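# Observations on chain architecture
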Amino acid sequence: MSLRQVLNLPASQITDEAIYRDRRRLLTALALAPALGLSGCAEAEAPPPAGKPVSPEQAKAGFRTDEVLTRFEDVTSYNNFYEFGTNKGDPSAAAKTLRTSPWTVAVGGACAKPGKLSLEDLIKGLAPQERIYRLRCVEGWSMVIPWLGVPLADVLKRFEPTSKAKYVAFTTLSDRKQMPGTAYDSINWPYREGLRIDEAMHPLTLLATGLYGKSLPQQNGAPLRLVVPWKYGFKSIKSIIAITFVEKMPVTSWNQLQPSEYGFFSNVNPNVDHPRWSQKTERRIAGTGSKLFADRIATRLYNGYADQVAGLYTGMNLKTWF
Amino acid sequence: MIAAKALVHALALTPAAILAWQIREEFLTGSGGLGADPIAAIEHRLGLWALRLLLITLAITPLRQLTGHSVLLRFRRMLGLYAFFYASAHLAAYLLLDLKGYWTQIFEEIAKRPYITVGFLAWLLLIPLAVTSTQGMMRRLGRLWGKLHRLIYAIAVLAVLHFWWLVKSDIREPLLYAAIVAVLLGWRLYKRVADTRSRTNPATARPPKPL
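Values in this document were obtained by computation on a predicted structure and should not be read as measured data.

## Re the overall build of chain B
- Secondary structure assignment for chain B yields 9 helices and 0 strands.
- N-terminal to C-terminal, the α/β element order of chain B is α-α-α-α-α-α-α-α-α.
- Judged by the C-alpha coordinates and their principal axes, chain B covers about 70 × 40 × 35 Å.
- Buried residues in chain B amount to 39% of all 211 residues.
- In chain B, the proportion of contacts linking residues at least 24 apart, taken out of those at least 6 apart, comes to 62%.
- Each charge class in chain B was averaged separately, 25 positive and 10 negative side chains, and the resulting centres sit 22 Å apart.

Put into structure tokens, the structure is as follows:
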């Protein structure tokens with residue numbers, strides 16, 4: 001399916017109703033923004049929805065960057081989502097078969113209030129926030145993406161994790177009927193990822209439901225995906241159906257596949273090379289003009305979020321715990 | 001023959017022409033159908049065609065032996081040179097477009113990254129073959145020429161390895177090329193064993209065929 005076809009899909013076919021309502025709310029907020037004196041913002045992207053304004057302090061917290069955004073077409077046509085094929089263009093071509101509504105997420109494990117919730121209930125009452133994050137892929141390219149979503153911490157707290165919850169494990173949907181890529185065992189399906197509880201609770205960690213002010217396209221992990229901006233992209237698991245609080249470090253798909261290449265933490269680190277890709281520099285996929293002569297840029301420790309997250313790893317040898 | 005050669009030239013240049021057009025569009029409009037990461041697309045496309053032409057070159061000898069059409073041999077040199085052309089363009093794209101501004105990283109990449117080491121080695125080994133591809137060099141080197149040009153077997157293996165090691169988990173595409181290399185080299189091995197046998201066994205001896 002061509003990009004144009006993707007863009008022409010009726011909203012009912014790509015958009016979860018609840019998210020669509022949230023989008024409406026966002027648009028309402030946008031309409032109200034000038035009246036509230038929030039205009040004059042020079043940025044091209046939509047300002048955050050009313051109710052949870054992003055203050056300069058939050059900008060300092062890493063919630064937003066003023067770097068050139070990656071184009072919507074590029075964010076939605078260049079995806080690693082092996083459930084729909086291993087080529088970058090496969091997901092945007094094949095992911096239309098993913099049904100994102102109704103969608104339920106099972107939350108369980110070491111918590112007081114486990115449950116199987118509809119997506120609507122999972123994020124009920126949490127106003128979506130816009131976060132403009134850098135995304136660094138382990139393959140050496142990067143993007144700048146305006147996400148819409150809710151802080152993962154806000155969602156997790158509702159389930160009242162116990163003191164035994166040291167880690168959080170995530171699982172992606174794995175359905176042969178909807179995901180043609182799962183017919184081939186490029187990964188031991190279902191795709192699994194995990195975070196340490198303090199990483200999961202970090203204010204930068206986002207449960208994304210949209211990007212560029214729109215609901216999340218299937219190829220980007222609709223209807224619900226994780227975004228952990230200081231880690232390599234593969235940690236940001238897509239199309240989540242299960243969240244489990246666990247005591248021991250959970251199994252993660254890429255680590256299981258090749259432990260020497262993909263660690264559990266997978267923090268962006270220019271000083272720890274992947275055996276096959278140098279992590280010192282990256283190709284930034286951004287801008288509106290030609291990307292042919294785009295400069296390679298230096299990769300920053302924790303993808304540039306060191307001020308916010310370095311404290312999580314004090315005392316850890318990052319070469320061992322890569 | 002001239003028409004046939006012109007056709008092969010045109011076919012071998014087609015991927016480069018298409019890519020050149022797309023690069024031009026990309027340069028002018030910012031969207032030339034090369035996707036979100038045009039630099040990676042250019043590298044991949046050039047590398048893939050280098051590998052394909054290498055395998056087509058390697059297929060000439062078995063095809064001649066199977067069909068008996070010696071005329072095929074007349075295309076071998078040009079196909080081999082096109083493989084070298086695409087491999088060089090592939091390397092140039094890596095250096096000029098991808099590593100742009102980080103030239104020094106190339107030495108580290110060659111030393112530290114096995115897939116780049118073998119890829120670079122394959123390209124290095126292609127140089128003496130390209131240099132000695134002229135009639136004059138063939139004459140001057142005599143029997144040594146044939147021995148030297150057997151480097152192509154090692155180059156094919158290295159090229160497939162280069163591809164294999166850069167994929168993350170889906171090995172199907174490099175596996176396909178590995179299988180083709182295995183068939184092309186396996187055929188030669190089979191031929192050699194079969195020919196030796198028939199030469200040592202007078203009962204089945206046939207007049208020797210030129211290699």
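Picking up after the structure, the text goes on.
## Details of the environment of Y78 of chain A
- With respect to the element layout, Y78 of chain A can be found in the loop between α5 (72–75) and α6 (90–94).
- Relative accessible area serves as the criterion here: at 12%, Y78 of chain A is assigned to the buried category.
- Separated by 110 residues in the primary sequence, Y78 of chain A and N188 of chain A place their C-alpha atoms 22 Å from one another.
- Discounting chain neighbours no more than four positions away, the residues touching Y78 of chain A are K88, W141, M143 and I285 of chain A together with A36, D37 and A40 of chain B.
- Separated by 3.2 Å, the side chains of Y78 of chain A and D37 of chain B make a polar contact.

## Observations regarding the interface of chain B and chain A
- Taken together, the contact pairs 31 residues of chain B with 34 residues of chain A.
- In total, chain B and chain A occlude about 2800 Å² of area from one another, counting both sides; carbon and sulfur atoms represent 50% of this.
- Between chain B and chain A we count 7 salt bridges in total.
- For K280 of chain A, the salt bridge is made with E108 of chain B, and the minimal N-O distance between the two is 3.0 Å.
- Taken together, the connections running from chain B to chain A amount to 18 residue pairs in polar contact (both at pLDDT 80 or more).

## What to know about the pattern of salt bridges
All names here are of chain A.
- What the rule picks out here adds up to 25 salt bridges over all chains.
- Between R64 and E130 there is a salt bridge, and its shortest N-O distance comes to 3.4 Å. You can see R64 sitting in the loop between α4 (56–63) and α5 and its partner E130 sitting in strand β3 (residues 129–136), a full 66 residues away along the chain.
- R134 is paired through a salt bridge with E67; the nearest N and O atoms lie 2.6 Å apart. With R134 in strand β3 and E67 in the loop between α4 and α5, this residue pair connects regions lying 67 residues apart in the sequence.

## What about the environment of W321 of chain A?
All names here are of chain A.
- Relative to the assigned elements, W321 resides in the segment after α11 (306–309).
- Looking at W321, the relative accessible area reads 41%, which means it is partly exposed.
- In the structure, W321 is positioned 171 residues away from V150 in sequence and 28 Å away in space, judged by C-alpha atoms.
- Leave out the neighbours within four places in its chain, and W321 touches M249, F265 and M316.

## A few points about helix α3 (residues 76–98) of chain B
- An ideal rise of 1.5 Å per residue puts 33 Å on 23 residues; α3 of chain B measures up with 32 Å between its terminal C-alpha atoms.
- Within α3 of chain B, the full set of buried residues consists of M78, L79, Y82, A83, Y86, A87, L91, A93, Y94, L95, L97 and D98 of chain B.
- Structurally, α3 of chain B contributes buried residues whose contacts are with β11 (281–284) and β12 (296–298) of chain A together with α1 (2–29), α2 (38–67), α4 (105–112) and α5 (114–131) of chain B.

## A short note on a nonpolar patch on the surface
- A contiguous nonpolar patch, built from F293 of chain A together with F27 and L28 of chain B and spanning about 340 Å² of accessible area, is present on the exposed surface.
- By the element assignment, L28 of chain B lies in helix α1.

## Structural notes on unusual backbone geometry
All names here are of chain A.
- In this model, W189 is joined to P190 through a cis peptide bond whose omega is -5°.
- As for its position among the elements, P190 is in the loop between β5 (167–172) and β6 (192–196).
- In the segment running from A222 into P223, the intervening peptide bond is cis, with an omega of -5°.
- Position of P223 among the secondary structure elements: in the loop between β8 (214–215) and β9 (225–227).

## A few points about the confidence of the model for chain B
All names here are of chain B.
- On average, residues of chain B score 92 in pLDDT, and 95% of them reach the 70 mark or higher.
- When pLDDT is averaged over each helix and strand of chain B, the minimum, 89, is found for α4 and the maximum, 97, for helix α8 (residues 151–164).
- The ipTM for the predicted assembly is 0.86, set against a pTM of 0.84.

## A look at helix α9 (residues 172–200) of chain B
- With 29 residues, α9 of chain B extends 41 Å between its outermost C-alpha atoms, agreeing within 8% with the 42 Å of an ideal straight helix rising 1.5 Å per residue.
- The set of residues buried in α9 of chain B consists of P174, Y177, V181, L184, R188, K191 and S198 of chain B.

Rules used throughout
- Residues numbered from 1 in each chain as written.
- Chains lettered and ligands numbered in written order.
- Predicted model: local features only at pLDDT ≥ 70, side-chain atom pairs only at ≥ 80, totals over all residues.
- Heavy atoms only, no water.
- Helix = DSSP H or I, 4+ residues; strand = E, 2+ residues; numbered from the N terminus.
- Buried < 20%, exposed > 50% of the residue type's maximum accessible area, 1.4 Å probe, protein only.
- Contact = heavy atoms within 4.5 Å.
- Lys, Arg positive; Asp, Glu negative; His and termini not counted.
- Charge placed at Lys NZ, Arg CZ, Asp CG, Glu CD.
- Polar contact = N/O pair within 3.5 Å; in protein donor to acceptor, adjacent residues only side chain to side chain.
- Buried area = accessible area lost by both parts, 1.4 Å probe.
- Salt bridge = Lys/Arg side-chain N within 4 Å of Asp/Glu carboxyl O.
- Expected span 1.5 Å × (residues − 1).
- Patch = residues over 30% accessible without salt bridge, like charges linked within 9 Å, V, L, I, M, F, W, Y side chains within 5 Å.
- Areas by Shrake-Rupley, 256 points an atom, 1.4 Å probe, with all protein chains shown as cover.
- pLDDT = per-residue confidence, 0-100.

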